Amino acid sequence: MELISKRPVIGKEKGDIHIWAVAAVVVLSFLVSRACFMGETFPAGIALLTALLTYHTLNFYLLPVMLIGLGTFYSSGIAIWGDVGALCGCALVFLCTAKIRFATWHKAVIAGSITVISRSIYYIAAGYTYRIAAADLLLEGCFVAVLCGIFEILLQLVDKREPRSGTAGGMLAIASAAMLIVSGTSLPWVLIPAAMTITLLIGYLFGTMEGLLVGFVSGLILILSGGPPGAILVLALGGVVAGFARGQNKLVAALCFAAVTMGAGTIELSVNLALPIYGPLASGAILALMPQKWLFRLDTALCTFLRCGVFKEKKKNAEASAYLERIRRNFDDLSSLFVSQENNRILMSYQFKAMSRIIDHTIKEISSRPGAASVKLCAEPAWAGYAKDRGISGDSYMWEELPDGRFAIVLSDGMGNGKTAATESSLAVAAVIKLLKAGLEVELVLKLLNSILLLNAENEIFSTIDLGILNKKTGKMKFYKIGAATTFIKRKNAVETVKVSAMPMGIVDGLKIDYVTVHLNPGDQVIMISDGVTDSKREDLSMEWLAQTIEEIKSKDPQTMCDLIMNRAVENYGLKEKDDLTVLSVRVS
């Protein structure tokens, strides 16, 4: 037998032992000792006591707690005295050998052997020799030995001075302990949702292999605790699906997991794979409804506990998120102080609100998981324009990729023409794009810009804003039009228009923000124009000439679309003085 010097004891120094920690250990030990396998054996408490006593002999105080846990089955008709004897036998053996550091497999063999011997003695003493079955006794001894290894891994994770056991081993130990605790509640209707929730969360947070392993061990414990025989296959399959959904939207992952685990029950095999429907639905609902911050904290806590290679980075991210969250709340409070004030002060409210949103956006970026859902669409923009005043156009435009797979395009027409109009419109489009990239909501961006323009109201500086934001994941595009001209959408067999009535920016306080949502398909083109294009043929108020022009253009190239519309508008003006003209086109592919 291998002899090793006694390791330092955690919790020996003053102040290291906390009442709440002791209470938690007592409750968990009580529940684990009640985990019943195959309806008549209680190996989990024996294994836990073995691991705790070899960790520190002061944990002997948990023996009465575990005996009480077993005692709750006294009137149930289950023969508990063999396991009671095994608990006391393990306590006696490992207290007497406290100065010896056993290897893990030595402790497992000793505890398993004590369990087999104790049960055999009880059956002989009680006259139940007919119940002595070598296979059953050996099986319970193996359970004890395996669980000793699991609890040893958990204690190594708790003691930071111990070597790491690896992410997979630690994950299996955590999942097993969680299932044993749930099993100890003696609530059969909780077991299946708990097993499925553990599998789904681990697979979604850590990946396919971890999900498969945790699903397998959770299903095994579920079966041993009286669950359906097909639980191993269903949960292992669910863990793989959860791993594949890692980094996807929570709702998508929850739906996929629930659909696959419920659908597995329809497969005809020798083993029935059907599980109660409330299990998949409950686990999927837990993931879908869990706030992203909670999910991030769970991920960080598990990585820290397992001492994964990235746990230090995730711990720093969690600390940074908590700090930024406090600052964000402060800015929200400051914003509410000025929200009911006059224009100059309400601008301060918007500024504080903007800072709050920027910080909130930063927190989400820190908390976001890698491998976010990929975009499905691509936006191809193009532009054509004409400047009335010596090559300086009062129209300004910009397009930019935004976070979360969005694409923004904005067109602004400054009041008048020339340098002054160009300055104001370029300021407007640049501010809109940069504030959107900083994480602000569109409504807040537009209200903030409107308040800024109102500060210079004595100079009567107005600007229109024509803003379109395409979600390249879903194909939905939102149009915000503040005093802007009609937008056209060319589809395969039709030309549609988008109109929103609103005054330009910088005219009235309390700007009302409306938008129109349109679903775009691959091949659709969005055409945005300045009022210089619509004024080229003022007598045509419904702009049928422009809709007809767009319909007649067969080219799918957005630049060709812009050039041909511009040429037609210039023809409409003829010898008349032209205004600034701008045409933007975005083709979705």
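See above for the structure.
Read on for a plain summary of the structure.

Definitions and cut-offs
Residues numbered from 1 in each chain as written. Predicted model: local features only at pLDDT ≥ 70, side-chain atom pairs only at ≥ 80, totals over all residues. Heavy atoms only, no water. Helix = DSSP H or I, 4+ residues; strand = E, 2+ residues; numbered from the N terminus. Expected span 1.5 Å × (residues − 1). Buried < 20%, exposed > 50% of the residue type's maximum accessible area, 1.4 Å probe, protein only. Contact = heavy atoms within 4.5 Å. Pairing = 2+ DSSP bridges. Axes fitted to C-alpha atoms, helices over the stretch in contact; angles between N-to-C directions. Salt bridge = Lys/Arg side-chain N within 4 Å of Asp/Glu carboxyl O. Patch = residues over 30% accessible without salt bridge, like charges linked within 9 Å, V, L, I, M, F, W, Y side chains within 5 Å. Areas by Shrake-Rupley, 256 points an atom, 1.4 Å probe, with all protein chains shown as cover. Phe/Tyr/Trp six-rings, centres within 6.5 Å; stacked < 30°, edge-to-face > 60°.

## Structural notes on helix H4 (residues 81–96)
- The end-to-end C-alpha distance of H4 is 22 Å, a good match for the 22 Å that 16 residues give at a rise of 1.5 Å each.
- Taken as a whole, H4 has its buried residues at Gly-82, Asp-83, Val-84, Ala-86, Leu-87, Cys-90, Ala-91 and Phe-94.
- Packing partners of the buried residues in H4 comprise helix H2 (43–55), helix H3 (62–71), helix H5 (104–125) and helix H6 (134–158).

## Describing the sheet that holds strand E5 (residues 476–482)
- Spatially, the 5 strands line up as an open sheet ordered E2-E3-E4-E5-E8, and their pairing is antiparallel. In this open sheet, the two strands that pair with only one neighbour each are strand E2 (395–402) and strand E8 (516–519). Recorded for the sheet is a direction-independent mean angle of 15° between the axes of neighbouring strands.
- The sheet contact formed by strand E3 (residues 406–413) and strand E4 (residues 465–471) spans 6 bridges and is antiparallel. Note on E4: the bridge partner recorded for Val-410 is Leu-467.

## As for the pattern of salt bridges
- Summed over all chains, the structure comprises 9 salt bridges.
- A salt bridge links Asp-524 to Arg-491; the shortest N-O distance between them is 2.7 Å. Within this pair, whereas Asp-524 is found in the loop between E8 and strand E9 (525–529), its partner Arg-491 is found in the loop between strand E6 (487–490) and strand E7 (495–498), the two being separated by 33 residues in sequence. Of the two residues examined, Asp-524 and Arg-491, each falls in the buried class.
- When salt bridges with common partners are traced through the structure, they connect Asp-83, Arg-119 and Glu-140 into a single cluster.

## Examining a nonpolar patch on the surface
- Nonpolar side chains collect at one region of the surface, where Leu-187, Trp-189, Met-262, Ile-277, Tyr-278 and Leu-281 lie side by side and expose about 590 Å² of accessible area between them.
- Looking at the element boundaries, Leu-281 is found in helix H12 (residues 278–289).

## Digging into the environment of Thr-185
- Take Thr-185: it is sitting in the loop between helix H7 (167–183) and helix H8 (188–206).
- Each C-alpha atom of the pair Thr-185 and Ala-35 lies 7.8 Å from the other, and the pair is 150 residues apart in sequence.
- Not counting residues up to four positions away in its chain, the partners in contact with Thr-185 are Leu-31 and Arg-34.

## Let's talk about the sheet that holds E9
- Pairing is antiparallel in the open sheet, where 5 strands are placed in the order E1-E10-E9-E6-E7. What marks the edges here is a single partner per strand, and that holds for strand E1 (379–386) and E7. Across this sheet, the average inter-strand angle for adjacent strands is 20°, counted without regard to direction.
- Sheet analysis places E6 next to E9, joined by 3 bridges and oriented antiparallel. Paired with Ile-489 across the two strands is Val-526, which belongs to E9.
- Contacts from helix H19 (residues 544–552) reach E6, E7 and E9 within the one sheet, and its direction differs from that of E6 by about 30°.

## Notes on the packing of aromatic side chains
- With the rule as written, the count across this model stands at 8 aromatic pairs.
- For the ring pair Trp-383 and Tyr-397, a centre distance of 5.0 Å and an interplane angle of 20° mean the geometry is stacked. Placement of Trp-383 in strand E1 and of Tyr-397 in strand E2 is noted, with a sequence separation of 14 residues between them.
- Residue classification places Trp-383 among the partly exposed positions, given a relative accessible area of 35%.
- Within the aromatic cluster, the residues linked to one another by ring pairs are Trp-383, Tyr-397 and Trp-399.

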